[in-house]
Amino acid sequence: MKMLTVSLLVCAMMALSRAAADPEEEPGNMAERSVEAVPEEEPGNVTEASAQEENSHLVKRSTRCPHGWTRYGRRCFYYFPTTRTWAQAEKTCQSMNANLASVHNIQEYHKIQRMIQSRTHEYKEAWIGGSDAQEEGTWLWSDGSRLNYLNWCSGQPDNFFSQHCLKMNYSGHKCWDDDWCDYRRPFVCARKIFFLFCRCDAAEHLHTGRLKLQADTERKEGEKILQQITIIFDPSIISTMKMLTVSLLVCAMMALSRAAADPEEEPGNMAERSVEAVPEEEPGNVTEASAQEENSHLVKRSTRCPCGWTQYGRRCFRYDPRTLPWAYAEKTCLSLKANLASVRNIYEYRVIQNMIWSSARSHRAAWIGGSDAQQERIWLWSDGSRFTYAYWCPGQPDNFRNRQHCLQMNFSSRRCMDDYNCHARLPFVCARKM
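A few points on the structure.

Here the focus is the pairing of strand β4 (residues 75-84). Every regular strand shows the same layout, with side chains that alternate between the two sheet faces. When strand β3 (residues 70-72) meets β4, the two strands line up antiparallel, connected through three bridges. From the neighbouring strand, Thr70 faces β4, where its bridge partner is Phe77. Turn length for the β3-β4 hairpin, with the two strands adjacent in sequence and antiparallel, is two residues, and the turn residue Gly73 shows positive phi of about 65°. Bridge count for β4 against strand β10 (residues 185-192) is seven bridges, and the pairing is antiparallel. Residue pairing for β10: Phe80 is matched across the bridge by Phe187.

Set out below in structure tokens:
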């Protein structure tokens, strides 16, 4: 009976030590330990991170605007007093991961006006990102966002002798006017708040962390049991080792029954419970979520491309066989939350070519998002990204008869890039971020 009592005491202490070894854990802790930095990549590049992104969770950490920039909503604004042509100003903004500013509501416009007034002590005229150089009357923002707000002065835009770029603070009403794109003016850049994205592969890291936690717990249990046995039993009592073996077997059976009683949890459940949906908003809109975002961490889930779209890297592509002028094709893409496709490298170009072939059964010429309509030989992508890659055909671009300012792909038997008349009607390729 004495040894039976001792064995029961050992089992009780083992159960208590197991309970003490399992502290209650906050739901988000495991995910925080498993965060890994993801290298920044261009939309067209395919890395191991982007290949595994479909099953990953991204932790988005917000930061402040760079020094000297003014924050409003989810963007930062900067006024440059140095004068540039419209296209040169856009290229300058792009060098700072920004674009000429788009404006989405009257509050945002007044914020930009106050920023200019605080720097210059007057409401100076300045370039912002609007242009209709590709198609008269079809105004587009250079950052690829939708044009959903207008503040034209009375009688504007009038396209006086081919005015195609947008300036602000015109006349005594401080409203908008179209102007000649090659005129040199100060300008306003805008960039989105920079976010550091970290990958959190919940299924892998939660499972690995659970196994590691279980192994540490079992090791601590063993150490505690050995200490308790050393305290309870006198080493001189060798004859009691047989009964100790029996007691350990009883404890092992109890541990096994405990493990069988605990249902295994799916590795991703914890992460799924901690995810909150974030409403989508236009760049200029200020919501409660964006107001609190500076001190928040947001979990972002990647999704597949919509039906009918082709995924490559972190973007989705879609070929539209309808023939439209370049600007109308861009507007159609915008209605799909996309832009005419920009191309970052030859691999992405080949993917788009194969997509067109699979749909049209031919290498048809098609519009993509390049244009130098604002200034000859300063090529810009309609989605606001930098123009860092081109696959021009020999002798192109040639701006034949000074009328070719938009970019078509699959030109000639070489199926390369060519400048073409923006009013021509071609099929087109849209691209959108995942």
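There's more to say after this.
Right, let's talk about unusual backbone geometry for a bit. With an omega of 0°, the peptide bond running from Gln156 to Pro157 counts as cis. Locating Pro157 in the fold gives a position in the loop between β7 (140-141) and β8 (165-170). A cis geometry characterises the amide bond from Gln396 onward to Pro397, with omega recorded as 0°. Even without a glycine there, the phi angle at Asn97 is positive, about 60°. Here Asn97 shows up in the loop between α4 (86-94) and β5 (99-100). We classify Asn97 as exposed; its relative accessible area is 54%. Phi angles above zero are rare outside glycine, and Asn399 is one such case at about 50°. What makes Asn399 buried here is its relative accessible area of 9%.

Burial analysis of helix α10 (residues 326-335) places seven of its 10 residues in the buried class, the great majority of the element. Every buried residue of α10 is accounted for by Trp326, Ala327, Ala329, Glu330, Thr332, Cys333 and Leu334. On its buried face, α10 is in contact with β7, β14 (315-324), β15 (339-340), β16 (366-371), β18 (406-411) and β20 (426-433). Two residues or fewer after α10 comes Lys337, characterised by a positive phi angle close to 60°.

Moving on, we get to the pattern of salt bridges. Following the criterion strictly, the structure yields 12 salt bridges and no others. Asp177 is paired through a salt bridge with Lys167; the nearest N and O atoms lie 3.6 Å apart. Of this pair, Asp177 sits in strand β9 (residues 175-179) while Lys167 sits in strand β8, and the two are 10 residues apart along the sequence. Residue class for Lys167 comes out buried when judged on its relative accessible area of 5%. A salt bridge links Lys167 to Asp179, with the nearest nitrogen and oxygen atoms 3.4 Å apart. Placement of the pair is Lys167 in strand β8 and Asp179 in strand β9, with a sequence separation of 12 residues. The pair Lys167 / Asp179 is uniform in exposure class, with both members buried. Salt bridges sharing partners connect three or more residues here, namely Glu125, Lys167, Asp177, Asp179 and Arg185.

Considering all chains together, one arrives at eight disulfides under this definition. A disulfide bridge connects Cys93 with Cys189, and the sulfur atoms are separated by 1.9 Å. Linking Cys93 and Cys189, the disulfide has an S-S dihedral of approximately -80° and is accordingly described as left-handed. Taken together, the residues Cys93 in helix α4 and Cys189 in strand β10 connect sequence positions 96 residues apart. Of the two residues, Cys93 and Cys189, both sit in the buried class. Here Cys393 engages in a disulfide with Cys416; their sulfurs sit 1.8 Å apart. Residues Cys393 and Cys416 share a disulfide whose torsion about the S-S bond is about 110°; that sign makes it right-handed. One end of the pair, Cys393, is in the loop between β17 (380-381) and β18; the other, Cys416, is in strand β19 (residues 416-420), and 23 residues separate them in sequence. Look at Cys393 and you get buried, because its relative accessible area is 4%.

Attention shifts here to the environment of Ser131. Summarising the element assignment, Ser131 is placed in strand β6 (residues 126-131). Separated by 33 residues in sequence, Ser131 and His164 have C-alpha atoms that sit 5.5 Å apart. If near-sequence neighbours (up to four positions away) are discounted, Ser131 is found in contact with Trp86, Thr138, Trp139, Leu140, His164, Cys165 and Gln374. A polar atom in the side chain of Ser131 sits 2.9 Å from the side chain of Gln374.

Conventions used here
Residues numbered from 1 in each chain as written. Predicted model: local features only at pLDDT ≥ 70, side-chain atom pairs only at ≥ 80, totals over all residues. Heavy atoms only, no water. Pairing = 2+ DSSP bridges. Helix = DSSP H or I, 4+ residues; strand = E, 2+ residues; numbered from the N terminus. Buried < 20%, exposed > 50% of the residue type's maximum accessible area, 1.4 Å probe, protein only. Contact = heavy atoms within 4.5 Å. Salt bridge = Lys/Arg side-chain N within 4 Å of Asp/Glu carboxyl O. Disulfide = S-S within 2.5 Å. Polar contact = N/O pair within 3.5 Å; in protein donor to acceptor, adjacent residues only side chain to side chain.

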